[in-house]
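Given next are the chains, with one letter for each unit.
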Amino acid sequence: MKESGFKEVTRVAAAQERLLDAVTPVESTQSLPLLSADGRVLAETVAAARNVPHYPRAAMDGYAVRAQDTFGASSRSPAVLREREREESVVPEAATPVHTGSELPDGADAVVMVEETERVAGEVEVLDAVGEGENVAPPGEDVEAGQPLYDAGHQLRPSDVGLLKSTGVTEVDCYDRPSVGVVPTGEELVQANPEPGEIIETNGLTVSRLVERWGGAATYRDVVTDDAAALRAAIQRDLTKDLVVTTGGSSVGERDLIPDVVDELGELLVHGVALKPGHPCALGVVEGTPVLMLPGYPVACIVNAVQFLRPALKAAGRMPREPFPTVEARLTRKIASSPGERTFVRVSLAESDGDAAPDLDATPTRASGSGVLSSVALADGWVVVEEDSEGIAESAIVTVENWEYHV
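One numbering rule holds for all chains: residues counted from 1, following each sequence as written. Confidence filtering applies because this is a predicted model: local features only for residues at pLDDT of at least 70, side-chain atom pairs given and counted only at 80 or more, and all residues used for totals across whole chains, interfaces and linings. Values reported for side chains reflect all heavy atoms of the structure, with hydrogen atoms and water molecules removed beforehand.

**Some details on the sheet that holds strand β17 (residues 243-247)**
Here is step 1 of the chain: A pair of strands is labelled paired if DSSP reports no fewer than 2 bridges between them. For helices the rule is a DSSP run of H or I covering at least 4 residues; for strands it is a run of E covering at least 2, with both sets numbered from the N terminus onward. What the six strands build is an open sheet, ordered β16-β13-β17-β21-β20-β18; its pairing is mixed. Two strands in the sheet have a free side with no partner beyond their single neighbour: β16 (217-220) and β18 (267-271). Sheet twist, expressed as the mean angle between neighbouring strand axes with direction ignored, is 20°.
Here is step 2 of the chain: Direction of pairing for β17 relative to strand β21 (residues 289-294): parallel, over a ladder of four bridges. Paired with V244 across the bridge in β21 is V291. For helices, the fitted line uses only the C-alpha atoms of the stretch in contact; every axis is such a line through C-alpha atoms, and the angle between N-to-C directions lies from 0 to 180 degrees.

**Focus: the packing of aromatic side chains**
Here is step 1 of the chain: The rule is short: rings of Phe, Tyr and Trp, with Trp giving its six-membered ring, pair when the centres are within 6.5 Å, and they are stacked under 30 degrees, edge-to-face over 60, tilted in between. Under the defined criterion, the tally for this structure stands at two aromatic pairs.
Here is step 2 of the chain: Geometrically, the ring pair formed by F344 and W382 is edge-to-face, given 5.1 Å between the ring centres and 70° between the ring planes. Remark: W382 occurs in strand β26 (residues 381-385) and F344 occurs in strand β24 (residues 342-351); sequence separation between them is 38 residues.
Here is step 3 of the chain: To sort residues, take the accessible area from a 1.4 Å probe on protein chains only and compare it with the maximum for the residue type: under 20% means buried, over 50% means exposed, and anything in between is partly exposed. A relative accessible area of 1% places W382 in the buried class.
Here is step 4 of the chain: With a centroid separation of 5.2 Å and an interplanar angle of 15°, the aromatic rings of W382 and W403 are classed as stacked. In this pair, W382 sits in strand β26 while W403 sits in the segment after β28 (397-401), placing the two residues 21 residues apart along the sequence. We note that W382, like W403, is buried.
Here is step 5 of the chain: Here a set of aromatic residues connected by ring pairs shows up, and it is made of F344, W382 and W403.
Here is step 6 of the chain: One residue, R310, lies across the ring of F324, its end atom 4.1 Å from the ring centre. By definition here, charges over rings are those cases where NZ of Lys or CZ of Arg is within 6 Å of the ring centre and within 35 degrees of the ring normal.

**Let's talk about unusual backbone geometry**
Here is step 1 of the chain: In this structure, the amide linkage connecting V52 to the following residue, P53, adopts the cis form with an omega of -5°.
Here is step 2 of the chain: Mapping P53 onto the fold places it in the loop between β2 (46-47) and β3 (57-58).
Here is step 3 of the chain: Of note, the phi angle at S395 is positive, near 75°, even though the residue is not glycine.
Here is step 4 of the chain: Along the chain, the position of S395 falls in the loop between β27 (391-392) and β28.

**Details of the sheet that holds strand β5 (residues 79-83)**
Here is step 1 of the chain: With mixed pairing, six strands are arranged side by side in an open sheet as β7-β4-β6-β5-β9-β8. Of all strands in the sheet, those with a lone pairing partner are β7 (110-113) and β8 (117-120), marking the two edges. On average, each strand axis in the sheet is tilted by 40° relative to the strand beside it, whichever way the strands run.
Here is step 2 of the chain: Two strands pair when backbone bridges link them, and β8 and strand β9 (residues 123-126) are joined in this way by four bridges, in the antiparallel orientation. Bridged to R119 within β9 is V124.

**Looking at the nonpolar core**
As a rule of thumb, nonpolar side chains are buried together in soluble globular proteins.
Here is step 1 of the chain: Take the buried residues of types Ala, Val, Leu, Ile, Met, Phe, Trp, Tyr and Cys, join any two whose side-chain atoms come within 4.5 Å, and each joined set is a nonpolar core. By size, the foremost hydrophobic cluster in this structure holds 43 residues, and its most contacted members are F308 and L309.
Here is step 2 of the chain: Elements that contribute at least two residues to this core include exactly α1 (12-21), β13 (179-184), α3 (203-213), β17, β18, β20 (282-286), β21 and α6 (298-316).
Here is step 3 of the chain: At 11 residues, the largest contribution of residues to this core is made by α6.
Here is step 4 of the chain: Residue contacts are counted whenever heavy atoms from the two residues lie within 4.5 Å of one another. For F308, the contacting residues outside a window of four places in its chain are V12, A15, Q16, L19, V273, L275, C281, L283 and L292.
Here is step 5 of the chain: Counting 16 residues, the second-largest nonpolar core is a separate cluster that includes L32, V46, L149 and L164.

**Examining the pairing of β24**
Here is step 1 of the chain: Bridge count for strand β19 (residues 275-276) against β24 is two bridges, and the pairing is parallel. Opposite K276, over in β24, you have T343 as the bridge partner.
Here is step 2 of the chain: Inspection of the sheet shows β24 paired to β26 by five bridges, in the antiparallel sense. Bridging across to β26, T343 finds its partner in V385.

**Details of α6**
Here is step 1 of the chain: The term bend refers to the angle at a residue between two fitted axes, each drawn through seven residues, those ending there and those starting there. Bending of α6 peaks at approximately 40° at the position of A305.
Here is step 2 of the chain: Burial runs high along α6: 18 of the 19 residues are buried.
Here is step 3 of the chain: Immediately downstream of α6, the backbone of R318 shows phi near 60°, a positive value.

**Quick look at the pattern of salt bridges**
Here is step 1 of the chain: Each salt bridge in this description consists of a side-chain nitrogen of Lys or Arg and a carboxyl oxygen of Asp or Glu lying within 4 Å of one another. Following the criterion strictly, the structure yields 13 salt bridges and no others.
Here is step 2 of the chain: Across the pair E27 and R318 runs a salt bridge whose closest N-O atoms are separated by 3.1 Å. Here the residue E27 occupies a position in the loop between α1 and β1 (29-33), and R318 occupies one in the loop between α6 and β22 (326-331), the gap between them amounting to 291 residues.
Here is step 3 of the chain: Overall, the relative accessible area of 61% leaves E27 in the exposed class.
Here is step 4 of the chain: For R119, the salt bridge identified is with E83, shortest N-O distance 3.1 Å. Separated by 36 residues along the polypeptide, R119 in strand β8 and E83 in strand β5 bring together distant segments of the chain.
Here is step 5 of the chain: Overall, the relative accessible area of 59% leaves R119 in the exposed class.
Here is step 6 of the chain: What emerges from the salt-bridge pattern is a single network uniting E187, E188, D226 and R255.

If you want it as structure tokens, here you go:
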């Protein structure tokens, strides 16, 4: 596929495949306390260190009893048992008060629910018989000691961390987070107080935060000017990282030097993608380290980061590539798109005035304007128009992707 200024424009799926072929999953691991393990990927199978529960416990509020002492009990002919003090052992024809989760007293083998009892002058009338083990959680009912819980490659969630703690696990071996050098480029970029002709650097900051959100460890570098020697040194400095990401200077203009620098140092895999906004993206590899060259326009930078950096980072970190959450909405006006390129249209969502499902309206904010950062930062998501489509008609039901959701 041809595009003005580019020798070839590669479709998104093909570009992703070339990049992922160059990614090497991390091998290094570290032992982490549970408090630091949320979101990390296990490097080995983790098994329970103890039973849960680790003692026989009451599963209901009521009275601990010997089941045989309640045989034949009914509302018409209750079993009458002596009431003992809480936590006292159970002796024949006696009942001890218990609450849900408390340890079953010695001598007891069942719990009568409080609803099935009546207290009368120091005695407990049992209105329904119980069988041995009824309303009792035995040791290991939830988890047994030695039971495998999570395999290597599982990415821990908060509930997983809680379960591991309950089973006596205090540390887990996890793969290291993939390291990413983020290098913003451009002689016009400054960090604060811009003069006329200068621009506040935002792409590197945004990308570094996305790296952290997606499970990586970002090193956010100082701005590098548009000089081949300086760019070469910046890339070589970060070849110890698992990935290198640059922002800006990736197109075909006089100051777009990054693709040539990468081609000189290693191999340029892709230069130009069939993506709107975001044609000027380049992908390469230098000394075994993938290099992602993202466009300088902020929206184009973000779109390409989602399409290429995220899957590369997930692959490097052995993390599952979860899909973003989506909602269905009705398009309030048509979307135009060029066949052969994947288009990302930013939309805002609002409750629909009509009665027909879905109950959301999606209003396009922009399909172009890749330099307008507010158009994506203030949007509720985007609609993806695939390469084989010429657009989407007004009132069509579309899928809105929440790309900023934390997955």
